[in-house]
Amino acid sequence: MARIWLLILVLLAGWATAWLTGIRGLETSETYLLASQLLLAIGLYGSTHDIDRAEARAHTRLIVAAVTVGVVLKAAFIAGVLYLFTGDPLALVLAVAVAQIDPLSVASVMGDSRLSPKARTILASWASFDDPVTVVLSVYAATLAFSSDGIGVSHLADLGWNGLFAAVAYLVWRLVRRGPAWLINLAAITVVLVGAWTFLMLGVAIAGLFLRMPDGRRIGQAVAVAFPLAAFLMGMLLVSGVAPDEGLLLGLVAFCAQGLAAVALTWGLPVIDRVRLALAQQNGVTAVILALVFERSLDGFVAVVAPAVVTVNLLHALANRAADTWEGRRSAVP
């Protein structure tokens, strides 16, 4: 709940700043675009930086299914329901933007004894990997929704450029991995900066799996700062208006979509783990920054995503509190 109040307060602070200063049209600024892309790159790099690779390999099949089939199914379900009720042509892009689970929020519950070690690993890896998948899908979703030409060679080539970028980052890591800490840090910072400038976000996320800073706390601190900065920028854009009804619907459907995906993908896990994974949907830095990026070309995007993010996180807090009560009563039964 503290995180939700922080989000609301930062959004209001951004709105108040824009209203008092008369700032309008921020999304048309090149500086704004580069800043939002940098924040997104930091979030994606941070999401994969701390993944336990050994634990992730142990659950590869489920994780791959969750971040491919799971994300696509969630996005399709969200988009279908949203379009059915609103007829909004932005439905597909909005759905993809909120389909992922925020890894920063998930990190805060990793020490929670209510989750088994297996469920914690699955949730952490799921949240970390579906961030870059969501970013890639969002670009294709926007193309499908608003381009008569559909997905072309240039979009497929973008995947190739991401792969090449990740390969170059790997070669750099091989060269510096036995070097001093400052050199490794410099290599990591360079990868994030270049990835942000070129928008090769999938490559940045892949690089986070191997090009790791000696002191992982630094990237954690950077991601923690990125979220309120992104929320503040989002609040500044809300001065143009908010779409609360559509945002509430988007948030509600996004939360329900996680439950459907988890039920379909977690057969064989203990009941309590399946419940916790079904209630794991949280939105944070990636959803917020994707909204900032898309607002530049899709007017009104932020107006819908902002209330949706608040709705998702509020539902997460309330649903998990109810699950705590249910689990307590269940364990008390002899």
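Each chain has its residues counted from 1, running along the sequence as written. Reporting in this predicted model follows two pLDDT cut-offs: at least 70 for local features of residues, and 80 or more for side-chain atom pairs to be given and counted; totals over whole chains, interfaces and linings ignore these cut-offs and use all residues. Working from all heavy atoms in the structure, the side-chain values ignore hydrogens and water.

Participant: I would appreciate a short explanation of the overall build of the protein in the present structure.
Facilitator: Secondary structure elements follow DSSP: runs of H or I no shorter than four residues count as helices, runs of E no shorter than two count as strands, and numbering proceeds from the N terminus. Helix and strand counts for the protein come out as 15 helices and zero strands. Buried, partly exposed and exposed residues are distinguished by accessible area as a fraction of the type maximum, computed with a 1.4 Å probe on protein chains only: under 20%, between the cut-offs, and over 50%, respectively. A buried classification covers 51% of the 334 residues belonging to the protein. A sequence separation of at least 24 residues applies to 84% of the contacts in the protein between residues at least 6 apart. Throughout, the Shrake-Rupley method with a 1.4 Å probe supplies accessible areas, and for residues the shown protein chains are the sole cover considered. As displayed, the protein has an accessible area near 15100 Å², and 69% of this comes from carbon and sulfur atoms. Every residue pair with non-hydrogen atoms within 4.5 Å of one another is taken to be in contact.

Participant: Looking at this structure, how should I read the pattern of salt bridges?
Facilitator: Where charged atoms from two side chains of opposite charge come close, those side chains can pair. The rule for a salt bridge is simple: a side-chain nitrogen of Lys or Arg has to be within 4 Å of a carboxyl oxygen of Asp or Glu. All told, the structure shown has one salt bridge when counted by the stated rule. Residue arginine 296 is joined to glutamate 30 by a salt bridge in which the shortest nitrogen-to-oxygen separation is 2.6 Å. Here the residue arginine 296 occupies a position in the loop between helix H14 (285-295) and helix H15 (301-332), and glutamate 30 occupies one in helix H2 (residues 30-49), the gap between them amounting to 266 residues. By relative accessible area, which is 32% here, arginine 296 ends up partly exposed.

Participant: It is not clear to me how the environment of phenylalanine 232 should be interpreted in this structure. Could you clarify?
Facilitator: By the element assignment, phenylalanine 232 lies in helix H11 (residues 217-237). Overall, the relative accessible area of 28% leaves phenylalanine 232 in the partly exposed class. Each C-alpha atom, one on phenylalanine 232 and one on threonine 17, is 9.1 Å from the other, the two residues being 215 residues apart in sequence. Not counting residues up to four positions away in its chain, the partners in contact with phenylalanine 232 are Val10, Ala13, Gly14 and Thr17.

Participant: Please clarify how the packing of aromatic side chains should be interpreted in this entry.
Facilitator: Aromatic ring pairs are reported here in terms of the distance separating the ring centres and the angle at which the planes meet. Classification of ring pairs uses Phe, Tyr and Trp, with its six-membered ring standing for Trp, and accepts pairs whose centres are within 6.5 Å; under 30 degrees between planes counts as stacked, over 60 as edge-to-face, and the remaining range as tilted. For the structure on display, the rule yields five aromatic pairs. Ring geometry for tyrosine 170 against phenylalanine 210: centres 5.2 Å apart, planes inclined by 85°, an arrangement best described as edge-to-face. Here tyrosine 170, found in helix H8 (residues 153-176), pairs with phenylalanine 210, found in the loop between helix H10 (201-207) and H11; they are 40 residues apart in sequence, far enough to count as distant. Grouped by ring-pair contacts, the aromatic residues Tyr170, Trp173 and Phe210 constitute a single cluster. Counted as over-ring charges are cases with an Arg CZ or a Lys NZ within 6 Å of the ring centre that also lie within 35 degrees of the ring normal. One residue, arginine 177, lies across the ring of tryptophan 173, its end atom 5.2 Å from the ring centre. It is arginine 274 that lies over the ring of tryptophan 267; its NZ or CZ is 4.4 Å from the centre.

Participant: Got a minute to help me understand H2 in this structure?
Facilitator: Note: α-helices contain 3.6 residues per turn, so residues at a spacing of three or four share the same orientation. For H2, which comprises 20 residues, the first-to-last C-alpha distance of 28 Å matches the rise-based estimate of 28 Å (1.5 Å per residue) to within 8%. Burial analysis of H2 places 15 of its 20 residues in the buried class, the great majority of the element. Of the residues flanking the start of H2, the one acting as N-cap is serine 29, its side-chain oxygen 3.2 Å from the backbone nitrogen of threonine 31. Take the number of residues in a helix, subtract one, and multiply by 1.5 Å to get its expected span. Each polar contact in these results corresponds to two N or O atoms within 3.5 Å; when the atoms are within protein, one needs to be able to donate a hydrogen and the other to accept it, and residues that are neighboring in sequence are counted only if both atoms are side-chain atoms.

Participant: Got a minute to help me understand the packing of helix H4 (residues 60-86) against helix H5 (residues 91-99) in this structure?
Facilitator: Here, axes are lines fitted to C-alpha atoms. For helices the fit covers the stretch in contact, and angles between N-to-C directions go from 0 to 180 degrees. For the pair H4 and H5, the least separation of the axes is 8 Å and the interaxial angle reads 135°. It follows from the interaxial angle that H4 and H5 lie oblique. Crossing of H4 against H5: the hand is right-handed. Residue-level inspection shows Val71, Lys74, Ala75, Ile78, Ala79, Leu82 and Tyr83 of H4 in contact with H5, the latter providing Ala91, Leu92, Leu94, Ala95, Val96, Val98 and Ala99. Following the grouping adopted for this structure description, the nonpolar residues are Ala, Val, Leu, Ile, Met, Phe, Trp, Tyr, Cys and Pro, the charged ones are Asp, Glu, Lys and Arg, and the polar ones are all others, Gly among them. The residue inventory of the contact of H4 with H5, partitioned by class, reads 13 nonpolar, no polar and one charged. If an angle is under 35 degrees, it is roughly parallel; if it is over 145, roughly antiparallel; if it lies from 65 to 115, roughly perpendicular; otherwise it is oblique. Left-handed describes a crossing whose near helix is turned anticlockwise from the far helix through less than a right angle; right-handed describes the clockwise counterpart.

Participant: When you look at the nonpolar core in this model, what are you seeing that I'm missing?
Facilitator: Soluble, globular proteins show a tendency: their nonpolar side chains are buried together. Among buried residues, those of type Ala, Val, Leu, Ile, Met, Phe, Trp, Tyr and Cys that are joined through side-chain atoms within 4.5 Å constitute a nonpolar core. Among the nonpolar cores identified, the biggest contains 82 residues, and Ile78, Met234 and Phe301 are the most heavily contacted of them. In terms of residues, this core owes the most to one element, H11, which gives ten residues. Among all residues touching methionine 234, those that are not within four sequence positions of it are Leu11, Val288, Ala291, Leu292, Val302, Val305 and Ala306.

Participant: Honestly, the environment of alanine 196 in this entry has me stumped. Any pointers?
Facilitator: Counting through the fold element by element, alanine 196 comes out in helix H9 (residues 181-198). Placed 157 residues apart in sequence, alanine 196 and leucine 39 show a C-alpha to C-alpha distance of 8.1 Å. Apart from residues lying up to four places away in sequence, alanine 196 is in contact with Gln37, Leu38, Ala41 and Met201.

Participant: Sorry if this is basic, but what is going on with H9 here?
Facilitator: Between its first and last C-alpha atoms H9 spans 26 Å; for 18 residues at 1.5 Å apiece the expected length is 26 Å, and the two agree. Those residues of H9 not exposed but buried are Ile184, Asn185, Ala187, Ala188, Val191, Val192, Gly195 and Ala196. One side of H9 holds all its buried residues, which, seen down the axis, span an arc of 160°. Along H9, the residues that are exposed and aim more than 90 degrees away from the buried face are Trp182 and Trp197. Downstream of H9 by one or two residues, phenylalanine 199 has phi in the positive range, about 60°. For this quantity, the arc is that covered by the directions from the helix axis to the C-beta atoms.

Participant: How should I be thinking about the environment of leucine 292 in this particular structure?
Facilitator: Residue placement: leucine 292 occurs in helix H14. As a C-alpha pair, leucine 292 and leucine 233 span 59 residues in sequence and 7.6 Å in three-dimensional space.

So, to be careful, I would describe these as geometric facts and stop short of saying anything about function.
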